[in-house]
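So you can see what is in the structure, the chains are spelled out below.
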Amino acid sequence: MFIKPGERVRAEDLLKGITVASGNDACVALAEHLAGSEEAFALRMNEKAQSLGLKDSRFKNSHGMPAHDQYTTAFDIAILARRYIEDHPEALTYHSLSEFEYNRIRQHNRNTLLGMNVGVDGLMTGYLEKSGYLLAATAKRNGQRMIAVVMGCDTPQRRTQESRKLLEHGFKNFSTVEVVKKSDLFGPEKVVKGKLNKVQLTPAEGGWVTVPKGKENSISVTTEVPRPITAPIQAGQAVGKVVIQSEGKVLKEIALLSSSDIPEGIYL
């Protein structure tokens, strides 16, 4: 984004410089501000990657330009994109900007899917000589969001075409269903050795799953809870789980939490 050495820049401008212009200088500036150095920030990146379940990624810098022993995969980037959107949905406001101007230099977003009116509102483009043109794209239609990650394209036009193909395939062939709401109550379950003898359980999160279209009725929900539950238990304590399956395959597991404190004692 053409930051001048020693210049003070608003964090919001740095975010726009990253999301719209893929500004490596903006990445380094934010990394140094947050962690003290880019190397320290890369350590944080790897810790976060491990916590998110990225099994085939290692980061050495904040911007993704070639570095020894730095690598990732399309699948890992898809996992990262999903968690990023879930945890920071407001960031799509920046990723969907078509252009950004800083220091009187106007730059356009290289994600040309944004202007095609197909529901795309992010996410990031990239280019490396060895990896070709890259794109992590996301789109939302009728409440359903899809993510497509394409790597190794020989032209920017090809990455746009292949990404759109993947997104269209997803929307055409899959349905995303909210099977469990966070407000749902399970139980009441029996409690022993407590001052109360029953407890309601609540899911730790909503249960959204994606299945092939036409398979929505194959989804089943079961609970795995110790029966009876033994006191003491605290509100918010995990005491079981919800298992969401389709045709015998586990799609998602969600912890079931106690809705109340139940001290140890005798139920009267």
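This is a predicted model, so every value here is computed, not measured.

## Comments concerning the pattern of salt bridges
Move 1: Tallying each qualifying case throughout the model produces 17 salt bridges.
Move 2: In this structure, the salt-bridge partner of Arg 164 is Glu 168, at a minimum N-O distance of 3.7 Å. One end of the pair, Arg 164, and the other, Glu 168, are both in helix α6 (residues 156-173), four residues apart, so they sit about a helical turn from each other.
Move 3: Residue Glu 168 is classed as partly exposed on the basis of its relative accessible area, which comes to 27%.
Move 4: A salt bridge links Glu 253 to Lys 241, with the nearest nitrogen and oxygen atoms 3.3 Å apart. One end of the pair, Glu 253, is in strand β13 (residues 249-258); the other, Lys 241, is in strand β12 (residues 238-246), with 12 residues separating them in the sequence.
Move 5: Note on Lys 241: relative accessible area 26%, which makes it partly exposed.
Move 6: Via salt bridges that share partners, Arg 10, Glu 12, Asp 13 and Lys 16 belong to a single interconnected network.

## Some remarks on the packing of helix α1 (residues 11-19) against helix α2 (residues 24-35)
Move 1: Relative to each other, α1 and α2 sit at 135°, their axes nearing to 8 Å. Accordingly, the angle class assigned to the pair α1 and α2 is oblique. α1 and α2 meet at a crossing whose hand is left-handed. Contacts between α1 and α2 involve Leu 14, Leu 15, Gly 17 and Ile 18 from the former and Ala 26, Cys 27, Ala 29 and Leu 30 from the latter.
Move 2: Looking at the contact of α1 with α2, its residues break down into seven nonpolar, one polar and no charged.

## A few points about the packing of α2 against helix α3 (residues 38-52)
Move 1: One can describe the packing of α2 onto α3 by two numbers: an axis separation of 8 Å at closest approach and a directional angle of 85°. It follows from the interaxial angle that α2 and α3 lie roughly perpendicular. Listed contacts from α3 to Val 28, Ala 31, Glu 32, Leu 34 and Ala 35 of α2 are Glu 38, Ala 40, Phe 41 and Arg 44.
Move 2: By residue class, the composition of the contact of α2 with α3 is six nonpolar, no polar and three charged.

## A closer look at the environment of Asp 121
Move 1: By the element assignment, Asp 121 lies in strand β3 (residues 120-128).
Move 2: Sequence separation of Asp 121 and Tyr 267 is 146 residues, and the distance between their C-alpha atoms is 55 Å.
Move 3: Ignoring sequence-local partners within four residues, the contact set of Asp 121 consists of Leu 92, His 95, Ser 96, Leu 114, Thr 138, Ala 139 and Arg 145.
Move 4: In this structure the side chain of Asp 121 is engaged in a polar contact, spanning 3.0 Å, whose partner is the side chain of Arg 145.

## Focus on the sheet that holds strand β4 (residues 132-141)
Move 1: Pairing in this open sheet of three strands is antiparallel, and the strands run β3-β4-β5 from one edge to the other. Since the sheet does not close on itself, it has two edges, and those belong to β3 and β5 (144-153), each with one partner. The average angle at which neighbouring strand axes cross in this sheet is 10°, direction not considered.
Move 2: In the sheet, β4 pairs with β5 via eight bridges, with the strands oriented antiparallel. Paired with Thr 138 across the bridge in β5 is Ile 147.
Move 3: Those strands touched by α6 are β3, β4 and β5, and its axis lies near 145° from that of β5.

Rules used in this analysis
Residues numbered from 1 in each chain as written. Predicted model: local features only at pLDDT ≥ 70, side-chain atom pairs only at ≥ 80, totals over all residues. Heavy atoms only, no water. Salt bridge = Lys/Arg side-chain N within 4 Å of Asp/Glu carboxyl O. Helix = DSSP H or I, 4+ residues; strand = E, 2+ residues; numbered from the N terminus. Buried < 20%, exposed > 50% of the residue type's maximum accessible area, 1.4 Å probe, protein only. Axes fitted to C-alpha atoms, helices over the stretch in contact; angles between N-to-C directions. Parallel < 35°, antiparallel > 145°, perpendicular 65-115°, else oblique. Left-handed = near helix turned anticlockwise from the far one by under 90°. Contact = heavy atoms within 4.5 Å. Nonpolar A, V, L, I, M, F, W, Y, C, P; charged D, E, K, R; others polar. Polar contact = N/O pair within 3.5 Å; in protein donor to acceptor, adjacent residues only side chain to side chain. Pairing = 2+ DSSP bridges.

The quantities given are spatial measurements derived from coordinates; they are silent on function.
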